[in-house]
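# An overview of the molecular structure
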Number of protein chains: 2
Amino acid sequence: MENFQYYTPTKVVFGKGTEDLTGELVKAQGCRKVLVHYGSGSVVRSGLLDRIFRSLDAAGIDYISLGGVVPNPRLSLVYEGIDLCKKEKVDFILAVGGGSVIDSAKAIGYGMTNDGDVWDFYDRKRQAQACLPIGTVLTISAAGSEMSNSSVITKEDGWLKRGYSSDYSRPKFAVMDPVLTMTLPKYQTASGCVDIMMHTMERYFNQSDNMELTDGISENLIRTVMKNARILMTEPENYNARAEVMWAGSLSHNGLTECGTDGGDWSSHQLEHELGGMFDVAHGAGLAAVWGSWARYVMDARPERFAQFAVNVMGVDPAKDDAGTALKGIEAMEDFYRSIDMPVCIRDMGIEVTEDQLNELADKCSHFGGRTLGVVKKLTRDDMYQIYKNARG
Amino acid sequence: MENFQYYTPTKVVFGKGTEDLTGELVKAQGCRKVLVHYGSGSVVRSGLLDRIFRSLDAAGIDYISLGGVVPNPRLSLVYEGIDLCKKEKVDFILAVGGGSVIDSAKAIGYGMTNDGDVWDFYDRKRQAQACLPIGTVLTISAAGSEMSNSSVITKEDGWLKRGYSSDYSRPKFAVMDPVLTMTLPKYQTASGCVDIMMHTMERYFNQSDNMELTDGISENLIRTVMKNARILMTEPENYNARAEVMWAGSLSHNGLTECGTDGGDWSSHQLEHELGGMFDVAHGAGLAAVWGSWARYVMDARPERFAQFAVNVMGVDPAKDDAGTALKGIEAMEDFYRSIDMPVCIRDMGIEVTEDQLNELADKCSHFGGRTLGVVKKLTRDDMYQIYKNARG
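Each chain has its residues counted from 1, running along the sequence as written. Starting at A for chains and at 1 for ligands, labels are handed out in the order in which the entities are written. With the structure being a predicted model, the display of local features is reserved for residues of pLDDT at least 70 and the display and counting of side-chain atom pairs for 80 or more, all residues being used for whole-chain, interface and lining totals. Water and hydrogen atoms play no part in the side-chain values, which are based on all heavy atoms of the structure.

## As for the relation of the copies chain A and chain B
Alignment of the copies relies on least squares applied to C-alpha atoms, considering only residues that score at least 70 for pLDDT in both. Screw-axis analysis of chain A against chain B gives a translation of 0.0 Å along the axis, an RMSD of 0.0 Å, and a rotation angle of 180°. What the superposition gives is, in effect, a two-fold axis relating one chain to the other. It is P9 of chain A whose C-alpha, among those of chain A, lies nearest the rotation axis, at 1.9 Å. A share of 100% of interface residues in chain A that are also interface residues in chain B marks the association as one of identical surfaces. Here, two residues are considered to be in contact whenever any of their heavy atoms come within 4.5 Å of each other.

Put into structure tokens, the structure is as follows:
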């Protein structure tokens, strides 16, 4: 078992109607002026934004707002947010939305508390020394950004999608009302479920000795999301299913499922980041599209782990050897993805990737040969090319 | 599923050699003067206290120390600690030890930041408004106080053992090196494992709709502790087993296993508190001694929950009805307790309880008829008497 740190300071306020507590939660932070950050018109149309404004008004909070965050949130809006917050002397950011809005808020928070270009952090040029405090009202179960230390931003110049992690950015509080996720379209719900599962699967596929407690939590979490994702395909307003998925989303990415491990593989996420940057696909769908290709490519490096996954998570009967069991598990996961209308290859998303694009994806993902990926099996630029090619469909 | 809050701000630093990071962790808290609080001579004899002092010296931390905490920590030492800390202008408490030391530190912390008698909080007369920041170096896996919001103190006048909970007391950091627990005697190790299991079992036996995620975490946690407790009876220096138990101790009492529930029953803890106050028994052993009696007394109020426990945790084959399955599960748990030399009745601890003492226990536990216990089944003073009587052995 590896040494580890676990730090999840976010206060979770979970359940029906909790968004009406937002004003008091912000007030308890002792801030002077708040930026309310949000995305598309859906939080406006649903009336949620008005309810949040009323809650802030009732608590006597001074605030401004900035909408327009899109999936795969853009660096240009982050710059705009930083300028606005500096001008208005904002000292707290309230993100109302899903992972994209929270990630955008974190990036603005970094920009407000560190000199120089905020993209430097995402470009791995230097480390942030602080972040403005952030609170969240979550409307999409997926990214886990409401408790995580990570944020992913896309730079339009070159369509580079890059993540940056630091504990400074862990939100102070997360308001999580599963009711707010009931109106999400089926595709977005399914994509979110895959994202949640993958945050634990990335950690689960590692090169560490097993920690039974962590493995048990992880296996149960993935099974629970699968079960409830299936329910939500036919019962989108099932409160308990929405709640299980929402809470799983936070636990899957707050660090709990990596305790005692080397942190996990994360190749699929990096491979998907380039896909998302190039084609703007839904993150979870992109993950589903590349995972099977990745898993088949690397499983020989740790077949016993893939076999454990197959039995304990996917419930398959063991084959005559670990490799056989592992393969059955991968196929079972792809069957699950299909069952919730998720892709199992890139073509399933309606994208025909050209040979040139395969090379461009591998070049970008390897930072033009400058980095390898993964811990289950270390992937070079050519390995990445092959995984993209096998995932093309 | 119930609405819930989850708040675990404690930074966990887990693994071999992490105690040498203590000085830096204290320094990061920005405090001026530290009280190092500890218990018996074991942390002195093992050299741990010296290592902690060296770590504090290396970080340039000014500190004083106060030892002498005993199991079922006493109010008189808490008062002494408060006086000392006021005189020395202490602004941070470092607890080096197990739950008793941490609980004593929390009580001193309350006394330092609130006017009046600190016992008022434990006596439910008023609520604390603050607590001095606390850090911990854990040496015993049991109480979970290193991440929890609770503290239990015994008032010598009347031997009243009372708990008090508030988020103010959640430690800022917890240093957890499983190696430090390897020298614990077998009885204390087993008692600690029961305490850990019971923190989740108290929450598991509730009157809420199941939350699959929480149930799965809870069932896995209890199974993991049972498996590793058995290993530790013959391999006390098995690092992985010590680590599984240690991490389970924190997760079992930091709130994770109650998310989405009504918070759980907690009758067994209250029943044991009076036993511990009267006879000074090891907390975990006391819990094992009363649990079977409690479980048989209340199982009819929610047989399906006890049946789920029997199958998913104890691995028993279902009987012809839930009540039968439930009873098999209770018996299996008692068999487990016996397998690690834990008591299943009070007599097993070498204590002969008189009829007068049974009445005194029930009187104290019910606050002389002034309160009921439990949510699985609400227990009156006479119910408590009967459970104590059935637990007498």
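## Re helix α8 (residues 212–234) of chain B
Runs of H or I in DSSP of at least four residues are treated as helices and runs of E of at least two as strands, each being numbered from the N terminus. Multiplying 1.5 Å by the residue count of a helix minus one yields the expected span of that helix. Between its terminal C-alpha atoms α8 of chain B stretches 34 Å, which fits the 33 Å expected from 23 residues at 1.5 Å a residue. Accessibility here uses a 1.4 Å probe with only protein chains present; expressed as a share of the type maximum, an area under 20% marks a residue as buried, one over 50% as exposed, and anything in between as partly exposed. Of all 23 residues in α8 of chain B, 17 are buried, a share of seventy percent or more.

## Focus on the pattern of salt bridges
Residues and elements named next belong to chain A. Here a salt bridge means any side-chain nitrogen of Lys or Arg lying within 4 Å of a carboxyl oxygen belonging to Asp or Glu. The tally for this structure, following the rule as stated, stands at 40 salt bridges over all chains. Its salt-bridge partner being R381, residue D382 comes within 3.3 Å of it at the nearest N-O pair. Residues participating in the shared-partner salt-bridge network are E19, D20 and R51.

## Some thoughts on the packing of α8 of chain B against helix α9 (residues 239–251) of chain B
Residues and elements named next belong to chain B. Relative orientation of the contacting elements α8 and α9 amounts to 145°, with a least axis distance of 9 Å. Classified by chirality, the crossing of α9 by α8 is left-handed. Taken together, the residues of α9 that come into contact with α8 (itself represented by L221, T224, V225, N228, I231 and L232) are A241, R242, E244, V245, A248 and L251. Between the N-to-C directions of two axes lies an angle of 0 to 180 degrees, each axis being a line fitted to C-alpha atoms and, for a helix, fitted only over the stretch in contact. For any helix crossing, the convention is left-handed if the near helix is rotated counterclockwise from the far helix by under a right angle, and right-handed if that rotation is clockwise.

## Notes on the side chain of S252 of chain A
Residues and elements named next belong to chain A. Along the chain, S252 falls in the loop between α9 (239–251) and α10 (267–279). For S252, a relative accessible area of 0% translates into the label buried. For this analysis, a polar contact is any N or O atom pair within 3.5 Å, provided that within protein one partner can donate a hydrogen and the other can accept it, and provided that sequence-adjacent residues contribute only side-chain to side-chain pairs. In this structure the side chain of S252 is engaged in a polar contact, spanning 2.6 Å, whose partner is the side chain of T200. Sequence-distant contacts of S252, defined by excluding residues within four places in its chain, comprise I196, H199, T200, R203, L221 and T257.

## Topic: the interface of chain A and chain B
At the junction of the two partners, chain A supplies 37 residues and chain B supplies 37 residues. A simple way to read buried area is as the amount of 1.4 Å-probe accessible surface that goes missing from two parts once joined, with both sides added. Regarding the contact of chain A and chain B, the summed buried area is about 3400 Å², with carbon and sulfur atoms giving 56% of it. Among the residues of chain A in contact with chain B, E212, L213 and W247 of chain A are the three that bury the most area, contributing 19% of the side total. Scanning the region where chain A abuts chain B turns up two salt bridges. The residue E212 of chain A makes a salt bridge to K227 of chain B at a minimum N-O spacing of 3.1 Å.

## Observations concerning the state of the cysteines
Chemically, a disulfide is nothing more than a covalent bond linking the sulfur atoms of two cysteines. What counts as a disulfide here is a pair of cysteine sulfur atoms lying within 2.5 Å. A full pass over the atoms with the stated rule returns zero disulfides over all chains. Its sulfur unpaired, C31 of chain A is 12 Å from the next cysteine sulfur, which belongs to C85 of chain A. A disulfide-free cysteine, C193 of chain A has its sulfur positioned 19 Å from the sulfur of C259 of chain B, the nearest such atom.

## Observations regarding the pairing of strand β7 (residues 160–165) of chain B
Residues and elements named next belong to chain B. Counting buried residues along β7, five of its six residues qualify, which places the element largely inside the surrounding structure. A strand pair is defined by DSSP finding two or more bridges across the two strands. The sheet contact formed by strand β6 (residues 150–155) and β7 spans six bridges and is antiparallel. Bridge assignment links V152 to a residue of β7, and that residue is G163. What sits between β6 and β7 in their antiparallel hairpin is a turn of four residues, with G158 showing a positive phi close to 100°.

## Re the sheet that holds strand β4 (residues 92–97) of chain B
Read from one edge of the open sheet, twelve strands run β3(A)-β2(A)-β4(A)-β5(A)-β8(A)-β1(A)-β1(B)-β8(B)-β5(B)-β4(B)-β2(B)-β3(B), paired in mixed fashion. The sheet terminates laterally at β3 (62–66) of chain A together with β3 (62–66) of chain B, the two strands that pair on one side only. This sheet shows a mean twist of 25° between the axes of neighbouring strands, independent of strand direction. The pairing of strand β1 (residues 4–14) of chain A with strand β1 (residues 4–14) of chain B spans seven bridges and is antiparallel. Of the residues in β1 of chain B, the one forming a bridge with F14 of chain A is F4 of chain B. Against the sheet, helix α4 (residues 75–88) of chain B makes contact with β2 (33–38) and β3 of chain B, and its axis sits at roughly 160° relative to β3 of chain B, the strand it touches most. The sheet strands contacting α9 of chain B are β1 of chain A together with β1, β5 (134–138) and β8 (173–176) of chain B, and the helix crosses β1 of chain B at an angle near 145°.

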